[in-house]
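Structural characterization, general
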Number of protein chains: 4
Amino acid sequence: MKAYQITAPTGLDALQQVELPQPEPGPREMLVRIHACSINYRDLSMPRGGYQRNNKTPLIPFSDGAGEVVELGDGVSEFAVGDKVAGCFFQDWETGTPTEAQFRTALGGGLDGVLAEYVVFRERGAVKIPAGYSYEEAACLPCAAVTAWHALTRANTQPGQTVLTLGTGGVSIFAVQLAKAFGARVISTSSSDAKLARVRELGADETINYVDTPDWDEAVRELTGGMGVDNVIEVGGSGTLAKSFKSAKIGGTISLIGVLTGRAENPAPSALMRNLQTMNGIYVGNRTMFQALIQAIELHGIKPLIDKVLPFDDARGAYEYIVQGQHMGKIVVRVLAPVG
Amino acid sequence: MKAYQITAPTGLDALQQVELPQPEPGPREMLVRIHACSINYRDLSMPRGGYQRNNKTPLIPFSDGAGEVVELGDGVSEFAVGDKVAGCFFQDWETGTPTEAQFRTALGGGLDGVLAEYVVFRERGAVKIPAGYSYEEAACLPCAAVTAWHALTRANTQPGQTVLTLGTGGVSIFAVQLAKAFGARVISTSSSDAKLARVRELGADETINYVDTPDWDEAVRELTGGMGVDNVIEVGGSGTLAKSFKSAKIGGTISLIGVLTGRAENPAPSALMRNLQTMNGIYVGNRTMFQALIQAIELHGIKPLIDKVLPFDDARGAYEYIVQGQHMGKIVVRVLAPVG
Amino acid sequence: MKAYQITAPTGLDALQQVELPQPEPGPREMLVRIHACSINYRDLSMPRGGYQRNNKTPLIPFSDGAGEVVELGDGVSEFAVGDKVAGCFFQDWETGTPTEAQFRTALGGGLDGVLAEYVVFRERGAVKIPAGYSYEEAACLPCAAVTAWHALTRANTQPGQTVLTLGTGGVSIFAVQLAKAFGARVISTSSSDAKLARVRELGADETINYVDTPDWDEAVRELTGGMGVDNVIEVGGSGTLAKSFKSAKIGGTISLIGVLTGRAENPAPSALMRNLQTMNGIYVGNRTMFQALIQAIELHGIKPLIDKVLPFDDARGAYEYIVQGQHMGKIVVRVLAPVG
Amino acid sequence: MKAYQITAPTGLDALQQVELPQPEPGPREMLVRIHACSINYRDLSMPRGGYQRNNKTPLIPFSDGAGEVVELGDGVSEFAVGDKVAGCFFQDWETGTPTEAQFRTALGGGLDGVLAEYVVFRERGAVKIPAGYSYEEAACLPCAAVTAWHALTRANTQPGQTVLTLGTGGVSIFAVQLAKAFGARVISTSSSDAKLARVRELGADETINYVDTPDWDEAVRELTGGMGVDNVIEVGGSGTLAKSFKSAKIGGTISLIGVLTGRAENPAPSALMRNLQTMNGIYVGNRTMFQALIQAIELHGIKPLIDKVLPFDDARGAYEYIVQGQHMGKIVVRVLAPVG
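Residues numbered from 1 in each chain as written. Chains lettered and ligands numbered in written order. Predicted model: local features only at pLDDT ≥ 70, side-chain atom pairs only at ≥ 80, totals over all residues. Heavy atoms only, no water.

This part takes up the relation of the copies chain B and chain C. With an RMSD of 0.0 Å, the operation that places chain B on chain C is a rotation of 180 degrees combined with a shift of 0.0 Å along the axis. Within this description, the copies of the chain are treated as partners about a two-fold rotation axis. (Least-squares fit on C-alpha atoms with pLDDT ≥ 70 in both.)

Written out as structure tokens, the structure reads:
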């Protein structure tokens, strides 16, 4: 089968399309014909050898893929041949809190990923895709949507609360859509008015251009009657965290998801202390969250915002595009062209 | 001032319109000119002397009222003269779990209620009414809407979950509307197809006529793929509880709110045990819940369903109407006619 | 190998010692040489065909067993040959909330149990026994101790709270010992002063003889300054539940575990409602709970109270003894005699 | 009456003993004859004008005091003249989450404190002191013990879990004692072997001298089988936080309480993210926590560790002593000498 491999931690040139033997499903596993994948920021780290936890080398990259079950290993009861499925980011984190060993079962990290024609998923490392979803759409969910869901549920989001999202990457866009499904009010930031207009269409109640309004935390407080928001979907890290503390209300939550702003000075956490805030470390999520997310997606008719779909032979383009940071929502790689 | 009093636990004839001195606000209290009240099932018990906890005699009945602040006692800082407010069901239950003494501060129960031209509320026993609400609408909230909110929040309702409501009384109708604001799917029962049509308009996704379908628990399971619902808004008590157990999923919640079906045989609780279910005893709620509810109401534009508005001189008619059980939503008494 | 089987739902005479082929471990399973088992009340139902969920026929009974790993199936990484292990009550309920299918993996219920010389456990259906534990002691934990742990953790038991235990069966005795490890105060009931003296030795702070004090709920309230307890470990069901409601405080918890008192009239749940209480349906628990329990057991040096140890050939005696209800703590069956 | 005042934010010389009129209790307030006070690190900030939230000037310092009720204002029902009471750190934070306005009711901060012969407490801003406590002992509780209790309860501490405490200040010593009451295992650090020996006597299971073992986070991981602890009582802030992240397990909690290490470089929060950890901002706590704490203190017979008791005329000595950081536990100021 065709697949991509990162053969060494030497940069993007180490990404090679290769021919590999088709994997075989063991007990309680199944073989899946991948139709579509999507890239996430974390995938940028693998070619650089920069990510945490025991990454394989060589490594088939990408955690997020969807396809069709073509063969069942022994003892599989939840799925049948022909089922449309997506893989779970962690192959072995069904529910609750994971162990270190379970953390090492991340696709495209501790385990080979999904940028390949065929992949083996564990039975409890996959879910049926939402009704009415294409494979491209389903391929957007495993990392970014589950992450947003995890952040919103762990903070006990309720109707009438306010959620702040930063930027327009995959997690942030899902957070806007899902926060509306929770009945929350959404304030979104971006550097682009055009993107903010699009975010409003997706449900954001209020938007702030952080270039025009560098003190966006003050704008957030004004929009909340001086109170601050209930939950910040924090994808920026050290460069935005100080303002996120100030944007959150007394007793509010910072859902710490990403560190996209890189190596800025880290803020003192004393603001968190004085305001009884909670910072939740969010690292994707488990299968139970994925299943609950799909129930919400189906009820609310939520569809991913897909920025671009690239062909399998141009998978490298997905890396080059996401690194620019100009996208909105998700970047998909088509592995198998749809028929007809 | 004019007011109603229940002078003895001898039935509805003990309800008398009387002339009483206007009350005076003490420290951290305020005098409110009542414009509208609403009745709840619990108010039926007072004339019969049948309710729990140390009811006053004579008693001004009704817990739910809204009006205008006309005078402030010493030390009030949250409100100003002219503010439109509604009283909290419990005058002294601000947040957390109440004490027995705090439970005895129920309006129209341990304390005099609001079926009067003027009432004194404690500063932390009142809230500002939702933006855009009339006094009639605001008078619908303190008992029924707070109860529904309490049930939905305590069960950690999430988008994609399913909530089952029984009948079309005040709590059940609010539960339908609020469960939709939580992003949940709603299944509602009633004995009337006409009412079920109305409940669908208010947001219910599925409806069951329990006269046509006496095994409505089986219908609920069918509508949930055999799984059962996440949360039952249980207002029936012994007559419906056995079927509510069967309607709820493994790990699901029964929000026990009312016992309207009266003296049927009580079911064994073993079903709850075997299915890891939780039964939450819900008894209205506190001021913090009321404030959070109002945030949700304002964001979602929820308005109460008012079945009928009666004039002050016909307050007895509210008792006679609610006891028939044919209403949908709330029954209001107008204390002060709107100007113009 | 030797084993017991219940061959038909015709009563205790259907319990037969038989010779069966030794089972073989599949992938992620392991073969365990059982040394000791223990009986629970639920085991009384199997010979009568009376229990819930798809019991096997014929059925090897008993859920609780401990022994030594003698052979590993493919892919087992958590255990090695020679490890001392106990099986989890549910072979497939690792954490979180189970599905109906997972509920059907109860040992000695939906699956064959442990009253046999050899048993196959799933890798994630077993735990290492506590340090310093004999096999007899370890065989006491899977059902009764996990149940007590589940009840105490789900109710968020804290130091200074009060826990009420009813009677001196296996769950109640573990609840006494574990509630002390949570830092709680314990009030225990029994019909026997001798047993109450023993329960005090195990940690109970206060005891009530419910024969001498039939209104034991009033005694409980006196012992708690009129407030009631935080958590009732309710093993009696319909015959004790009304008094349990009265024994619990406002906002308190009833942990519903058993229905030992049989077919008394069921109480109305309205007390639960009026006092904002929570009733938690407890049905043993999952592997994560078992592992946390073992951490607590090891830190606190808790040992099970074993009433009697019977030889394998007299397993029937365990049924006959538990049904009398005169025991204190656990009744064990020795499958393999200790060496030396 | 005699009292101390900080008359300007100009340093410790601005602390003056003065003669002030005795305050008078308003409605729902009471006058208390203070017998003893205690100092906390936060009190060091007031003379420097360095603390958050609207501090008064001039200000009577100290939040923690205990004494005897000598006069009741109107409407007080929970207390009687002669009751022994301690004030709550926040006079108006009864339970739940506070508002900004409630946060400004800190004694010795937004409101005058307790370093005076007479103080007025609000009825719901005081608690009865634990049975068997002296006034000196009770004066140790309002800030440090409530803080430790808040940290342990918010992290859902359970028996068998491991809690890490840093240093031997007031909060850390209470955390050791209380964590044992929760049934947890305790690991404590200090720079002094003598202090570590004392901490062991108070209940710590393991100790680490962080001077001898600068990589104390590695020592913590070794002591927990490589897993890390469940909860870090983090009083150091930027200087210890990076190691605290590493000391906590996957899914563990950092209870952020203090920033005693001052202006070290702040660590990146990405460790928190990758390990699904939670950081809880802890800022003392509310009256409900204080009351629950007292229940635990009484049941477990916990007494504060008092390092030194100073006479009222030497209150300045308390500042000078705490700033050295050589104490263990609490530093008390005797306002009224005990009789006899």
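What follows is about the sheet that holds strand 11 (residues 229–234) of chain A. Pairing within the open sheet is mixed, and its twelve strands lie in the order 10(A)-9(A)-8(A)-11(A)-12(A)-13(A)-13(D)-12(D)-11(D)-8(D)-9(D)-10(D). Looking at the sheet topology across the chains shown, the edges are occupied by strand 10 (206–209) of chain A together with strand 10 (206–209) of chain D. Averaged over all pairs of adjacent strands, the angle between their axes in this sheet comes to 15 degrees, without regard to strand direction. Pairing of strand 8 (residues 162–166) of chain A with strand 9 (residues 185–190) of chain A, which is carried by five bridges, proceeds in the parallel orientation. Following the sheet pairing, A:Val163 is matched in strand 9 of chain A by A:Val186. In this fold helix 7 (residues 216–223) of chain A packs onto strand 8, strand 9, strand 10, strand 11 and strand 12 (248–256) of chain A, with an angle of close to 160 degrees to the strand it touches most, strand 10 of chain A. (Pairing = 2+ DSSP bridges. Helix = DSSP H or I, 4+ residues; strand = E, 2+ residues; numbered from the N terminus. Axes fitted to C-alpha atoms, helices over the stretch in contact; angles between N-to-C directions. Contact = heavy atoms within 4.5 Å.)

Here we take up the environment of D:Ile208. All names here are of chain D. Looking at the secondary structure, you find isoleucine 208 in strand 10. For the pair isoleucine 208 and serine 190, spaced 18 residues apart in the sequence, the C-alpha separation amounts to 6.6 Å. Among residues more than four places away in sequence, those in contact with isoleucine 208 are Ile187, Ser188, Thr189, Ser190, Leu196, Thr213, Trp216, Ala219, Val220 and Leu223.

A separate point is the interface of chain D and chain B. On the chain B side, the residues contacting the nine residues of chain D number nine residues. Summing the contributions of chain D and of chain B, the shared interface buries around 680 Å²; its carbon and sulfur component is 33%. Contact with chain B buries surface across chain D, with D:Arg28, D:Thr95 and D:Arg124 losing the most and accounting together for 47% of the total. Summed over the shared surface of chain D and chain B, the number is two salt bridges. For the salt bridge of D:Asp92 with B:Arg124, the shortest nitrogen-to-oxygen distance reads 2.5 Å. The interface formed by chain D and chain B includes two residue pairs in polar contact (both at pLDDT 80 or more). (Buried area = accessible area lost by both parts, 1.4 Å probe. Salt bridge = Lys/Arg side-chain N within 4 Å of Asp/Glu carboxyl O. Polar contact = N/O pair within 3.5 Å; in protein donor to acceptor, adjacent residues only side chain to side chain.)

Overall, the coordinates contain 40 aromatic pairs over all chains when judged by the stated rule. Between A:Phe62 and A:Tyr319, the aromatic rings sit 5.7 Å apart at their centres with planes inclined by 40 degrees, giving tilted as the arrangement. Here A:Phe62 is found in the loop between helix 1 (45–48) and strand 4 (64–72), whereas its partner A:Tyr319 is found in helix 11 (residues 315–324), with 257 residues between them in sequence. With relative accessibility at 1%, the residue A:Tyr319 sits in the buried group. Note on B:Phe90 and B:Phe103: the rings are 5.2 Å apart at their centroids and 50 degrees apart in plane angle, and the pair reads as tilted. Within this pair, whereas B:Phe90 is found in the loop between strand 5 (84–87) and helix 2 (100–103), its partner B:Phe103 is found in helix 2, the two being separated by 13 residues in sequence. In this structure B:Phe103 comes out as buried when scored by relative accessible area, which is 1%. Ring pairing ties together the aromatic residues A:Phe89, A:Phe90, A:Trp93, A:Phe103 and A:Tyr283, which thus form one cluster. Between the NZ or CZ atom of A:Lys84 and the centre of the ring of A:Tyr135, over which it lies, the distance is 5.4 Å. (Phe/Tyr/Trp six-rings, centres within 6.5 Å; stacked < 30°, edge-to-face > 60°. Buried < 20%, exposed > 50% of the residue type's maximum accessible area, 1.4 Å probe, protein only. Lys NZ or Arg CZ within 6 Å of the ring centre and 35° of its normal.)

Bringing the relation of the copies chain D and chain B into the picture now. Mapping chain D onto chain B is achieved by rotating through 180 degrees and translating by 0.1 Å along the same axis, at an RMSD of 0.0 Å. Looking at chain D, 100% of its interface residues are interface residues in chain B too, so the copies touch through the same face.

A regular strand carries its side chains on alternate faces of the sheet. Residues and elements named next belong to chain D. In terms of burial, strand 3 (residues 29–39) is largely enclosed, as eleven of its eleven residues are buried. Pairing between strand 3 and strand 6 (residues 118–122): five bridges, direction antiparallel. Pairing of leucine 31 across the sheet is with valine 120, part of strand 6. Where strand 3 meets strand 4 (residues 64–72), eight bridges bridge the pair, whose relative direction is antiparallel. Each residue of the ladder has a partner; that of alanine 36, found in strand 4, is alanine 66. Where strand 3 and strand 15 (residues 330–334) come together, four bridges link them in antiparallel fashion. Residue pairing across strands places isoleucine 39 opposite isoleucine 331, the latter belonging to strand 15.

Now for the pairing of strand 11 of chain A. All names here are of chain A. Counting buried residues along strand 11, six of its six residues qualify, which places the element largely inside the surrounding structure. Pairing analysis gives three bridges linking strand 8 to strand 11, with the strands arranged parallel. Along strand 11, the bridge assignment pairs threonine 165 with isoleucine 233. Across five bridges, the pairing between strand 11 and strand 12 is parallel. Bridge assignment links isoleucine 233 to a residue of strand 12, and that residue is serine 255. In this fold, the crossover linking strand 11 to strand 12 by way of helix 8 (residues 241–247) has right-handed handedness. (Right-handed = clockwise from strand over helix to strand, strands pointing away.)

Strand order in this open sheet of twelve strands is 10(B)-9(B)-8(B)-11(B)-12(B)-13(B)-13(C)-12(C)-11(C)-8(C)-9(C)-10(C), and the pairing throughout is mixed. Two strands in the sheet have a free side with no partner beyond their single neighbour: strand 10 (206–209) of chain B together with strand 10 (206–209) of chain C. Across this sheet, the average inter-strand angle for adjacent strands is 15 degrees, counted without regard to direction. Taken together, the four bridges between strand 9 (residues 185–190) of chain C and strand 10 of chain C define a ladder with parallel strand orientation. In the sheet register, C:Ile187 faces strand 10 of chain C, and the bridge partner there is C:Glu206.

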